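For reference, the chains in residue letters:
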Amino acid sequence: MGSTRLLRDYVKANLGMYATGVFFIILSNVTQSFFPLVLGHLTDDLQQKTATLESIARYSLTLLGIGVTYGVLFGIGQYTNARLGRKFEYVTRQKLFRHFASLSEYYFSRHGVGRLLSYVMNDVTAVRESISNGVNQTTNAIFFILSAFVMMSLSSIPFSLIAGTLLPMATIPVIVVFLGPRIRKRSLEVQESLASMTESAEEQFGGIRVTKTFAAEEMASARFGASVDRIRQNQLALVRISSLFQTLLPFMGSLSMVLAVLIGGYMTLTKQISLGSFVSLTFYLRMMMTPLQQIGNVINMMQRSRASLERLNNLLAAAPDIRERPDAAELGPGGTDIQIRNLSFCYPGSDRCALEDINLSIKPGRTLGIVGRTGSGKTTLVKLLLRVYDPPAHTILIGGRDIRDVTLSSLRSQIAYIPQDGFLFSTTIRDNIAFSNREAMEDEMKQAARDAQIYSSITELPQGFDTKLGERGITLSGGQRQRASLARGFMKHAPILILDDSVSAVDAVTETSIVRQIRASHKDKTTLIIAHRISAVKHADEIIVLDEGHIVGRGTHQELLAQKGLYASLYSIQEEGTRHA
Ligand SMILES: Nc1ncnc2c1ncn2[C@@H]1O[C@H](COP(=O)(O)OP(=O)(O)OP(=O)(O)O)[C@@H](O)[C@H]1O
């Protein structure tokens, strides 16, 4: 994808508004270019003593008129372009967010979240600056210089004098071509180091509890300091080259001025041009200095934003790993039996398979328990069911359909997945529980909270269900978080319910009540319960035991105990632990 694609599409979509902004800025410049001309005429009148009080007043009013008209026209143009810039920021951030939402977990595990955040913040802002300020200043500078050039040519200033004095300025494109790519390269380095810093900050803040409990603040701040230092070095490198660039352009302008004074002064003395022409010429050159400075800034800014634009375009070009087939069908709420056939799966880049040759059949309304040591592949199995990662073709079927042939939304709407970490959003408990259905009735939400055994804990809080959680609210305990996330899962009323070690942080008594509740109120649902504690699965219709990606045992609780395999030994260790507790 070309580095300008995002911008090109945006400009195309807003061409009318762009043209309006640019048009007003051009008009303002044409207006302003009359200023030195009027001043030149006044000088000539004064020198030839033809000026009267009345004509001086007229000249003053004309200059005032030029000033006011310029201000109004430029203001409108600047405002229009600034609006376009802000709109770009808004549209692009939304676009990025939608794109992020379509990317897989694998993508996020490869790119740090902090880094992606930096793209959304720093890079979008860098491009926005070039859209509003960049367009304003470029149009302003180019058109002022052009108008001034045309006005000078139309005036009585000899063309050879104009051409001679403008010669140093003609080197500007050469300087731009030479230094521009270097500025862009260094800008890219700055943006990269900013992204690393955001990533590091995100990680440090996320892990602040670990840092504090290990009294490792020194080490953490040294690590963070290193990423800040990298930014400083990269920024200094950028500042050096940008400063050189920004000084070279006005310097060329000053050289033009020196030539104008030398040659123009001589021609005025020898009466080849009038004093008015000399004043106009020097005034025009003086007025070109600011646009020249602006061009320097703008090109700097443009190079920086091109680097950002490149990163944004690359980001938007990243294709989601999990894609729907063009002819993907809807998975209906009907048949929810799950068939897993000869399923083997290795994570991308991993040489060891997380699952090997898994065969399973779960009939609708039945409960499957999955136990196994840590790292045995339990969560992987669920991730494949949800297509967080794509399983090989024809290995997982729901309701007789290969899950790769159905739309992602219809698949995921059939499954209520309750992960172990019990992640809650920084909003009210109500919004967290009613996440899948904000319109849900109060009673329905309260029932979900009761089923998850969290109701009384919530009502004891001063603001009950309206209690805010997260950074600016209260923090629930690990077990409370798990139960709130369980209530959120119940609220989905999906025909397949998956608990991924979702009650590991609650005490044994609460766990038993939750499991009993699930058996009673989810009788008609297909349920998968992953657990380390055998007490959470022992009532399941079937239990499978995973070990190093293989099913090493299956049957009911009693059957597995009789097999005296891994399950029986896990059970006896846990029973032993309970007795000693
Ligand atoms: N995103 C990933 N990329 C590469 N390997 C992974 C990834 N996620 C898990 N694994 C590996 O796959 C194997 C199975 O992991 P999985 O999370 O399924 O285990 P688990 O049985 O759920 O463990 P636990 O009980 O600790 O949650 C492990 O060896 C793990 O290191």
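Residues numbered from 1 in each chain as written. Predicted model: local features only at pLDDT ≥ 70, side-chain atom pairs only at ≥ 80, totals over all residues. Heavy atoms only, no water.

Caption draft 1: Looking closely at the layout of surface pockets. The calculated volume of the second largest pocket comes to roughly 400 Å³. Lining the second largest pocket are 18 residues, with Ile 145, Met 169, Ile 172, Pro 173 and Ile 295 positioned closest to its centre. Counting only elements with at least two residues in the lining of the second largest pocket, the list comes to helix H6 (113-154), helix H7 (159-166), helix H8 (172-206) and helix H11 (275-317). Grouping the amino acids of the lining of the second largest pocket by side-chain chemistry returns 17 nonpolar, one polar and no charged. (1 Å grid on protein atoms, 1.4 Å probe; cavity = no way out; pocket = protein on both sides within 12 Å on 5 of 7 lines; lining within 4 Å. Points joined across faces, edges and corners; volume = space filled by probe spheres on them. Helix = DSSP H or I, 4+ residues; strand = E, 2+ residues; numbered from the N terminus. Nonpolar A, V, L, I, M, F, W, Y, C, P; charged D, E, K, R; others polar.)

Caption draft 2: Local environment of the UniProt feature "transmembrane region" (unreviewed entry) in the chain. Residues annotated in UniProt with the feature "transmembrane region" (unreviewed entry) correspond here to residues 15-39, 59-77, 138-155, 161-179 and 248-267. Span residues 59-77 is 100% helix and 0% strand, its end C-alpha atoms 27 Å apart. Across residues 161-179, the secondary structure splits into 74% helix and 0% strand, with the terminal C-alpha atoms separated by 29 Å. (UniProt positions renumbered as here; feature names shortened; annotations may be inferred.)

Caption draft 3: Focus on the sheet that holds strand E3 (residues 367-372). An order of E6-E7-E8-E3-E9-E10 is seen for the six strands of this open sheet, with the pairing classed as mixed. Pairing within the sheet leaves two strands with one partner each, and these edge strands are strand E6 (415-418) and strand E10 (550-555). Ignoring strand direction, the axes of neighbouring strands in this sheet form an average angle of 15 degrees. The sheet contact formed by strand E7 (residues 496-500) and strand E8 (residues 526-530) spans five bridges and is parallel. For Asp 500, the partnering residue across the bridge sits in E8 and is Ile 530. Along the sheet face, helix H17 (residues 478-491) touches E6 and E7 and points at about 180 degrees away from the line of E6. (Pairing = 2+ DSSP bridges. Axes fitted to C-alpha atoms, helices over the stretch in contact; angles between N-to-C directions. Contact = heavy atoms within 4.5 Å.)

Caption draft 4: Region of interest: the domain arrangement of the chain. Domain parsing of the chain yields domain 1 (5-317) and domain 2 (338-580). Each partner contributes to the interface: domain 1 provides five residues, whereas domain 2 provides five residues. Area buried by domain 1 at its contact with domain 2 is led by Glu 105, Tyr 106 and Arg 209, which between them contribute 91% of it. Counting across the domain 1 and domain 2 interface gives zero salt bridges. By residue number, the principal contributor to the side of domain 1 that touches domain 2 is helix H5 (residues 105-110), which donates three residues. Looking at the side of domain 1 that touches domain 2 residue by residue, the class counts come to one nonpolar, two polar and two charged. (Domains from an automatic or database assignment. Buried area = accessible area lost by both parts, 1.4 Å probe. Salt bridge = Lys/Arg side-chain N within 4 Å of Asp/Glu carboxyl O.)

Caption draft 5: Up close: H6. Between its first and last C-alpha atoms H6 spans 59 Å; for 42 residues at 1.5 Å apiece the expected length is 62 Å, and the two agree. Along its length, H6 shows its largest kink, about 40 degrees, at Gly 134. (Expected span 1.5 Å × (residues − 1). Bend = angle between axes of the 7 residues up to and from the residue.)

Caption draft 6: A look at the state of the cysteines. Within the structure shown, the criterion is met by one disulfide. Between the sulfur atoms of Cys 346 and its disulfide partner Cys 353 the distance amounts to 1.9 Å. (Disulfide = S-S within 2.5 Å.)

Caption draft 7: Examining the sheet that holds strand E2 (residues 353-362) more closely. Judged by pairing direction, the sheet is antiparallel, and its four strands sit side by side in the order E2-E1-E4-E5 without closing on themselves. The sheet is open, and its two borders are formed by E2 and strand E5 (401-402), each paired with just one other strand. Note: strand E1 (residues 338-346) against strand E4 (residues 396-398), three bridges, orientation antiparallel. Its bridge partner lying in E4, Ile 338 is registered against Ile 398.

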